Amino acid sequence: YYRSQGKLGLCVATSPNHPFERVGHAPVVDPGEGLILEDPFVFRMNDHYEMVCKDLTGNITGEFHAAVHLISRDGKNWNLADPVKAWSRSITWDDGSITTQGSIERPFILFEHGKPAWLYAATADGPGAQNGRPGHYYAENTWTMVQPLSVTDQ
């Protein structure tokens, strides 16, 4: 899966040593005019695929840079999940304090016993993207965040 102009496309190959070819001419996920998605992470759950990716405008999740959750039977035709927001930039820490991260980037999910258990992501403090300008982050500290997942619908 790749991002191009805010939409997500799919390329496949018969093996890592063979050339990748685009699947179709249209994006597999087109969020609509003026909406931008990035950082897709795709995984298989039972009889379907799931994807989480970042909502750069906040117009899908209702929160700037929160994560969108999508579902697909074939990995090519995607629909918004219910709920659509996979996670927020507001994080509750072990001591009970809550902060809103400037960004949560490039998610990776670690599975335990076949179920999503931990979210790994690059994160940063500060205000994040200034005036909604992706790629222009303002932060003092960056690190890899590891967050336990509470998955209720498995």
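Residues numbered from 1 in each chain as written. Predicted model: local features only at pLDDT ≥ 70, side-chain atom pairs only at ≥ 80, totals over all residues. Heavy atoms only, no water.

(A) Spatial organisation of the sheet that holds strand β8 (residues 78-87). Strand order in the open sheet formed by four strands is β5-β6-β7-β8, and the pairing between neighbours is antiparallel. Of all strands in the sheet, those bounded by a partner on one side alone are β5 (37-45) and β8. Taking each pair of neighbouring strands and ignoring which way they run, the sheet shows an average axis angle of 25°. As judged from the seven bridges shared by β5 and strand β6 (residues 48-55), these two strands associate in the antiparallel manner. Residue pairing for β6: Phe41 is matched across the bridge by Val52. (Pairing = 2+ DSSP bridges. Helix = DSSP H or I, 4+ residues; strand = E, 2+ residues; numbered from the N terminus. Axes fitted to C-alpha atoms, helices over the stretch in contact; angles between N-to-C directions.)

(B) Structural context of the side chain of Asp55. Within the secondary structure, Asp55 is located in strand β6. In this structure Asp55 is buried but unpaired, with Lys85 as the nearest side chain of opposite charge at 8.5 Å. Only 2.9 Å separates the side chain of Asp55 from the backbone nitrogen of Gly58, close enough to count as a polar contact. At 2.9 Å, the side chain of Asp55 forms a polar contact with the backbone nitrogen of Ile60. (Buried < 20%, exposed > 50% of the residue type's maximum accessible area, 1.4 Å probe, protein only. Lys, Arg positive; Asp, Glu negative; His and termini not counted. Salt bridge = Lys/Arg side-chain N within 4 Å of Asp/Glu carboxyl O. Polar contact = N/O pair within 3.5 Å; in protein donor to acceptor, adjacent residues only side chain to side chain.)

(C) Geometry of the pattern of salt bridges. The tally for this structure, following the rule as stated, stands at seven salt bridges. Between Arg106 and Asp39 there is a salt bridge; the shortest N-O distance is 3.9 Å. Linking Arg106 in strand β11 (residues 103-112) with Asp39 in strand β5, this pair joins segments that are 67 residues apart in sequence. Asp39 sits in the buried class, given a relative accessible area of 13%. A salt bridge links Asp47 to Arg73; its shortest N-O distance comes to 2.8 Å.

(D) Expanded view of a nonpolar patch on the surface. A surface patch of nonpolar side chains, about 330 Å² in accessible area, is lined by Phe108, Leu110, Tyr120 and Val146. Looking at the element boundaries, Tyr120 is found in strand β12 (residues 115-124). (Patch = residues over 30% accessible without salt bridge, like charges linked within 9 Å, V, L, I, M, F, W, Y side chains within 5 Å. Areas by Shrake-Rupley, 256 points an atom, 1.4 Å probe, with all protein chains shown as cover.)

(E) Expanded view of the nonpolar core. Formed by Phe41, Phe43, Met45, Val52, Ala67, Trp87, Ile91, Ile104, Ile109, Leu119, Ala121 and Met145, the largest nonpolar core amounts to 12 residues. Those elements that place two or more of their residues in this core are β5, β11 and β12. Among the elements that line this core, the one with the most residues is β5, at three residues. What Trp87 contacts, discounting residues up to four positions off in sequence, is Val52, Ala66, Ala67, Ile104, Pro107 and Leu119. In terms of nonpolar packing, the next biggest core, distinct from the first, is built from 10 residues, Val28, Val29, Leu37 and Met51 among them. (Core = buried A, V, L, I, M, F, W, Y, C linked by side-chain atoms within 4.5 Å. Contact = heavy atoms within 4.5 Å.)

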